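Coordinate inspection notes
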Amino acid sequence: MIEMNLGTTLLSLRNQKPLVHNITNFVVMNYTANALLAVGASPVMAHAPEEVEEMVGLAGSLVINIGTLSSTWVEGMEKAMVAACQLGKPVVLDPVGAGATTFRNDTLLRLLAAGTPSIIRGNASEIMALAGQQGQTRGVDSTQFSTEGLESAQMLCRQLGCVVSISGETDVVVGPESVAYISNGNPIMTRITGMGCTASALAGAFAAIAPNAFEAAVAAAAVMGVCGELAYEGAHLPGSFQMSFLDKLSSLSPAELDERVQITIENNG
Ligand SMILES: Nc1ncnc2c1ncn2[C@@H]1O[C@H](COP(=O)(O)OP(=O)(O)O)[C@@H](O)[C@H]1O
Ligand SMILES: Cc1ncsc1CCOP(=O)(O)O
Ligand SMILES: [Mg+2]
């Protein structure tokens, strides 16, 4: 049975304030940088092929998010992936819109050929598409449920040897030995762009300081869900919610996280 002290992990993040190198999309760049600052990490957004290797060397982890792609960006992502894997830095990959276009699918194959991420975090459609299942990705939003993606996530976890985190009503985190189900959060989170990307950015922050990738992915999902619930208590509309969510990332206490998280962990038999 895995004992997880999520509150302690949050405290460790705030004490260590890891530098998180993000190569992420134009849509969420500002919000995810603010989310990382709010939770206690230190973000840097850098995508130029000319500098990503040096930046990876300075960072505690790398987050690659394929939300808005161009050939130059893909070149930078590939160089960063190679450098991070050579340096043993944890990498989180968010396969935004996987299955929607050939360019995205080819980019994911190219990145996975360049190195193995520690964590893949996506919605169910993206995870199923990445696993070659007939998921229906429409744009970047999921049309599947997270539990539908479980088989795909287990296959990817076995094949790639990485943790796979599927977001949804219940977040499902698949590791080599265990599967965690985190059922916090609020449906309003699907109506604000960048919530999934924020989950991936937080996974990057925790991956830099947690004992292993599974605990990092679980901690990120737990913080997302608990802060989503806390934010919704005072903000029921998308605009005020997204601001309140940032506030909760900053004010969340370790005790609150441990008290409110709804989590079950099973053996990955
Ligand atoms: N129906 C829901 N109820 C509660 N939380 C949800 C729900 N759907 C998504 N979430 C939460 O919203 C965040 C974004 O998830 P999702 O929308 O699946 O990702 P993406 O934005 O990449 O498609 C995650 O933290 C997830 O746990
Ligand atoms: C709308 C959109 N288009 C390309 S990236 C992006 C943001 C996706 O963010 P998330 O996956 O967190 O919803
Ligand atoms: Mg997403």
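Reading the values: the criteria
Residues numbered from 1 in each chain as written. Chains lettered and ligands numbered in written order. Predicted model: local features only at pLDDT ≥ 70, side-chain atom pairs only at ≥ 80, totals over all residues. Heavy atoms only, no water. Helix = DSSP H or I, 4+ residues; strand = E, 2+ residues; numbered from the N terminus. Expected span 1.5 Å × (residues − 1). Buried < 20%, exposed > 50% of the residue type's maximum accessible area, 1.4 Å probe, protein only. Near = heavy atom within 4 Å. Polar contact = N/O pair within 3.5 Å; in protein donor to acceptor, adjacent residues only side chain to side chain. Areas by Shrake-Rupley, 256 points an atom, 1.4 Å probe, with all protein chains shown as cover. 1 Å grid on protein atoms, 1.4 Å probe; cavity = no way out; pocket = protein on both sides within 12 Å on 5 of 7 lines; lining within 4 Å. Sits in = over half its atoms within 2 Å of the grid points. UniProt positions renumbered as here; feature names shortened; annotations may be inferred. Contact = heavy atoms within 4.5 Å. Points joined across faces, edges and corners; volume = space filled by probe spheres on them. Nonpolar A, V, L, I, M, F, W, Y, C, P; charged D, E, K, R; others polar. Core = buried A, V, L, I, M, F, W, Y, C linked by side-chain atoms within 4.5 Å.

Okay, helix 8 (residues 195–207) next. Taking 1.5 Å per residue as the helical rise, helix 8 with its 13 residues ought to reach 18 Å, and the 18 Å between its terminal C-alpha atoms agrees with that figure. Among the 13 residues of helix 8, 12 are classified as buried, and the element is accordingly described as predominantly covered. What helix 8 keeps buried is the set Met195, Cys197, Thr198, Ala199, Ser200, Ala201, Leu202, Ala203, Gly204, Ala205, Phe206 and Ala207.

Near ligand 1, the surroundings consist of 16 residues, among which Arg121, Asn123, Ser167, Asp171 and Asn186 are the closest. Contact between ligand 1 and Ser167: an oxygen atom at 2.7 Å from a side-chain N or O atom of the residue. Contact with the protein chains hides 87% of the accessible area of ligand 1, taken as 550 Å² for the molecule alone. In a pocket analysis with a 2 Å cut-off to the grid points, ligand 1 is assigned to the largest pocket. Mapped onto the shell around ligand 1, the elements with two or more residues apiece are strand 5 (119–123) and helix 8.

With that settled, the discussion passes to the UniProt feature "binding site: ATP" (unreviewed entry) in the protein. UniProt records the feature "binding site: ATP" (unreviewed entry) for Arg121 and Ser167 in the present numbering. Separation in sequence by 47 residues is not matched in space for these annotated residues, since their most distant C-alpha atoms are only 7.4 Å apart. Those annotated residues that line the largest cavity are Arg121. Structurally, the position occupied by Arg121 is in strand 5. Discounting residues that sit within four places of it in the chain, Arg121 has contacts with Leu93, Asp94, Pro95, Ser165, Ser167, Gly196, Cys197, Ala199 and Ser200. Engagement of the side chain of Arg121 in a polar contact is seen with the side chain of Asp94, the distance being 3.0 Å.

What follows deals with the layout of surface pockets. Its volume calculated, the largest pocket comes out at about 980 Å³. In terms of lining residues, the largest pocket is bounded by 38 residues, among which Asn123, Ser167, Met189, Thr190 and Gly196 are the most central. Of all the secondary structure elements, the ones that give two or more residues to the lining of the largest pocket are strand 5, helix 8 and helix 9 (213–234). If one sorts the elements of the lining of the largest pocket by residue count, helix 8 sits on top with 4 residues. When its residues are assigned to classes, the lining of the largest pocket shows 14 nonpolar, 17 polar and 7 charged. Considering only enclosed or pocket space, the second largest pocket measures out at about 200 Å³ in volume. Around the second largest pocket, the lining is made up of 12 residues, and of these Asn105, Leu108, Leu109, Ala129 and Leu130 lie nearest the centre.

A word on the nonpolar core. Among the nonpolar cores identified, the biggest contains 54 residues, and Phe206, Val223, Phe241, Phe245 and Leu249 are the most heavily contacted of them. For this core, the secondary structure elements donating two or more residues are helix 1 (6–16), helix 2 (29–39), strand 8 (178–182), helix 8, helix 9 and helix 10 (238–251). Among the elements that make up this core, the one with the highest residue count is helix 9 (14 residues). Excluding residues within four positions of it along the chain, Leu249 makes contact with Arg14, Ala35, Ala38, Val39, Leu202, Val223 and Cys227. Counting 40 residues, the second-largest nonpolar core is a separate cluster that includes Ile66, Ala80, Met81 and Val164.

Moving on: the site of ligand 2. By nearness alone, every residue bordering ligand 2 is listed as Asn25, Val27, Val28, Gly67, Val140, Thr193, Gly194, Met195, Gly196 and Cys197. One nitrogen or oxygen atom from the main chain of Gly196 is found 2.9 Å from an oxygen atom belonging to ligand 2. Interatomic distance of 2.7 Å between a backbone N/O atom of Cys197 and an oxygen atom of ligand 2. Across the complex, the protein chains shield 80% of the 370 Å² of accessible surface that ligand 2 would expose by itself. Counting atoms within 2 Å of the grid points, the majority share of ligand 2 lands in the largest pocket. Considered class by class, the residues forming the shell around ligand 2 number 5 nonpolar, 5 polar and no charged.

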